[in-house]
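If you want the building blocks of each chain, they are given just below.
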Amino acid sequence: MPADDFLMEEHLDAAVGNILQAVISPAELHERLRPPRTRIVKSKGTDYKTFTVRTGDKAVIRMGGATYRVLNALTSTAATYFVADEHGRRPSTYWPAARDRLAAAIDSYASPLRSPSVRPIDISPRQVTAATSFAQYAYRFIICHELAHVALEHTFGAGADPDDVDSLRASQDEELSADAFALRLQLGSLPHPDLIVTALSAPVYFIFLLRAFDDFRLALLSQLVDHEQWAIEYSHPPYLHRILNLMREATASVSDDAGEGLAAVQGALEELVQNVWSAALESRDKVAAKATELLADPKPADAPKLTKLLAKSPIGVLQALDANQQWRQPTWPFHTTVPTELTTFLKLSRSDRARSIA
Ligand SMILES: [Zn+2]
C-alpha cells in the first residue's frame, strides 16, 4: 500500500512555525524567519530541488513540487529493503519491485523529459511507519536547511561562480554550516523526545536523495552526451562531507552514539543506492535492446509497447533512437508516442546535449 498523503506539504507555514519554536531568541531572528520577511512556497512542477531566493531583506523558500513524493519513494524503497515483511523476510518481497520503480524514477529525472515522474512504491503495512516518518522528517530537515541559509545570512547559494575556486569553497562551507544549523533547529523543535532517532537519521535520507538522483545522471547518460562538457555541481559539497559534518554535529549536540547512529544509516543507504543504481543501468540497457528491436520494424500497433519502455527507462529509448534515426522522417509512426523534448534533445550535438541538461 502506498504511504498516506502528506499534510506538512500542504501546511508549510505551520511547519515553519513549528520549527521556529527552536528559535526563541533573539526576537529579531525569529521575526526574520517568519512571514512577511521569509515566505515558503511549493512549486507546481514535478521537480524535487529546493532553494531560497533572496531579494533585499526578504527571502522566499521554494520547495519542489515533488520533493516529498521523491523523498517518500526513497524511504519506501529503503523500508522494503531493511524492514521485514509479514513473512519475516528481509529484504522483503516488496523490494525488487520497489528497487525497479526507484531506478525508473532516477532514469526519468536524469532524462530530458519536461515532467519527469516517480510512480508510487508499494510497501507492506509493517513498512509504512518507517517510510513515512523518515520522509516527513527528511522533508522537515530540508525546510530547516533553507531557514538556516536565511538565518546565517548566506549570500552564495546557487550564485557561486563555477570558475572561481574561492567562491565555490565559500558556497560549500555555507552548505555545511546550514546543515549543522538545520540539525540544531530540527532537534530543538521536536514535538516529542522519542522522535530524536528519526529526526537525526532523516537528514541522511535527504543527502542520499541528492546522491541517488544527482550523482548518477552522467553515468546513465554517458552514451548520449559528451562527458567533458558536463558541468558538475561544485556549489554543493560532496555528499560524504555533508554526512561527516552531520555526524560531528550530532556527536557534539547529542552524544557519541548519535554520531555513530548516523554512520550506520549512511552505510546502509550506500548499499541500498548501489543496488538501485545497478538496477537502473540494467533496466536502461534492456530497454535500449527492446526498443531497438521495435524500431527495426516500426508498426503503429506497437505504440503502447514503446510507451511502456518509456516508463521504464526514457534514457534506454533515447539510446535506441540515437542509433536509428528514422524519427527524423515525417512518416514515422511514433511521433505522437515519443515526447518532443526527447527528439529535440537528440537533434543536438553530444556537447550541446551535455550543456543543455547538466
Ligand atoms: Zn543549501
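About the criteria used
Residues numbered from 1 in each chain as written. Predicted model: local features only at pLDDT ≥ 70, side-chain atom pairs only at ≥ 80, totals over all residues. Heavy atoms only, no water. Helix = DSSP H or I, 4+ residues; strand = E, 2+ residues; numbered from the N terminus. Rg over C-alpha atoms; globule rule 2.2 N^0.38 Å. Buried < 20%, exposed > 50% of the residue type's maximum accessible area, 1.4 Å probe, protein only. Contact = heavy atoms within 4.5 Å. Pairing = 2+ DSSP bridges. Axes fitted to C-alpha atoms, helices over the stretch in contact; angles between N-to-C directions. Domains from an automatic or database assignment. Buried area = accessible area lost by both parts, 1.4 Å probe. Salt bridge = Lys/Arg side-chain N within 4 Å of Asp/Glu carboxyl O. Polar contact = N/O pair within 3.5 Å; in protein donor to acceptor, adjacent residues only side chain to side chain. Nonpolar A, V, L, I, M, F, W, Y, C, P; charged D, E, K, R; others polar.

S.K.: For this particular structure, what's the right way to read the overall build of the protein?
M.R.: In terms of helices and strands, the protein carries 14 helices and three strands. Against the globule reference of 21 Å for 358 residues, the protein gives a C-alpha radius of gyration of 22 Å, in line with a compact fold. The buried share of the protein, taken over its 358 residues, is 50%. Within the protein, contacts between residues separated by at least 24 positions form 72% of all contacts whose residues are at least 6 apart in sequence.

S.K.: Sorry, what's going on with the pairing of strand β3 (residues 58–63) here?
M.R.: Regular strands show a simple pattern: their side chains alternate between the two faces of the sheet. Only one face of β3 is covered, namely the one carrying A59, I61 and M63; the face carrying K58, V60 and R62 has none of its residues buried. With five bridges joining them, strand β1 (residues 38–42) and β3 adopt parallel strand pairing. Note that in β3 the partner of V41 across the bridge is R62. Hairpin connection of strand β2 (residues 51–55) to β3: two residues between the antiparallel strands, including G56 at a positive phi of 60 degrees.

S.K.: How should I be thinking about the sheet that holds β1 in this particular structure?
M.R.: Across a sheet, paired strands are connected by hydrogen bonds in the backbone, their directions being either parallel or antiparallel. Strand order in the open sheet formed by three strands is β1-β3-β2, and the pairing between neighbours is mixed. Both outer strands of the open sheet, β1 and β2, are each paired with one neighbouring strand and no more. Going from strand to strand, the sheet's axes swing by 20 degrees on average, the running direction of each strand aside. Pairing of β2 with β3, which is carried by five bridges, proceeds in the antiparallel orientation. Along β3, the bridge assignment pairs F51 with R62. Running at roughly 135 degrees to β1, helix α1 (residues 12–19) makes contact with β1 and β3 of the sheet.

S.K.: Can you walk me through the domain arrangement of the protein in this structure?
M.R.: Reports of interface size often rely on the accessible area that becomes lost once the parts have come together. Its domain assignment divides the protein into domain 1 (8–278) and domain 2 (290–357). Using only C-alpha atoms to locate each centre, domain 1 and domain 2 end up separated by 33 Å. Counting from both sides, the interface comprises 19 residues of domain 1 and, opposite them, 21 residues of domain 2. The contact between domain 1 and domain 2 buries some 1,800 Å² in all, and 62% of this surface belongs to carbon and sulfur atoms. It is P112, L224 and Q229 that lose the most area in domain 1 upon contact with domain 2, and together they represent 37% of the buried surface on that side. One can count one salt bridge joining domain 1 with domain 2. Here E341 ties to R114 by a salt bridge, and the two come within 3.5 Å at their closest N and O atoms. Scanning the region where domain 1 abuts domain 2 turns up nine residue pairs in polar contact (both at pLDDT 80 or more). The set of elements that each furnish at least two residues to the side of domain 1 that touches domain 2 consists of α4 (95–110) and α8 (217–221). Among the elements that make up the side of domain 1 that touches domain 2, the one with the highest residue count is α4 (four residues). Broken down by class, the residue content of the side of domain 1 that touches domain 2 amounts to nine nonpolar, six polar and four charged.

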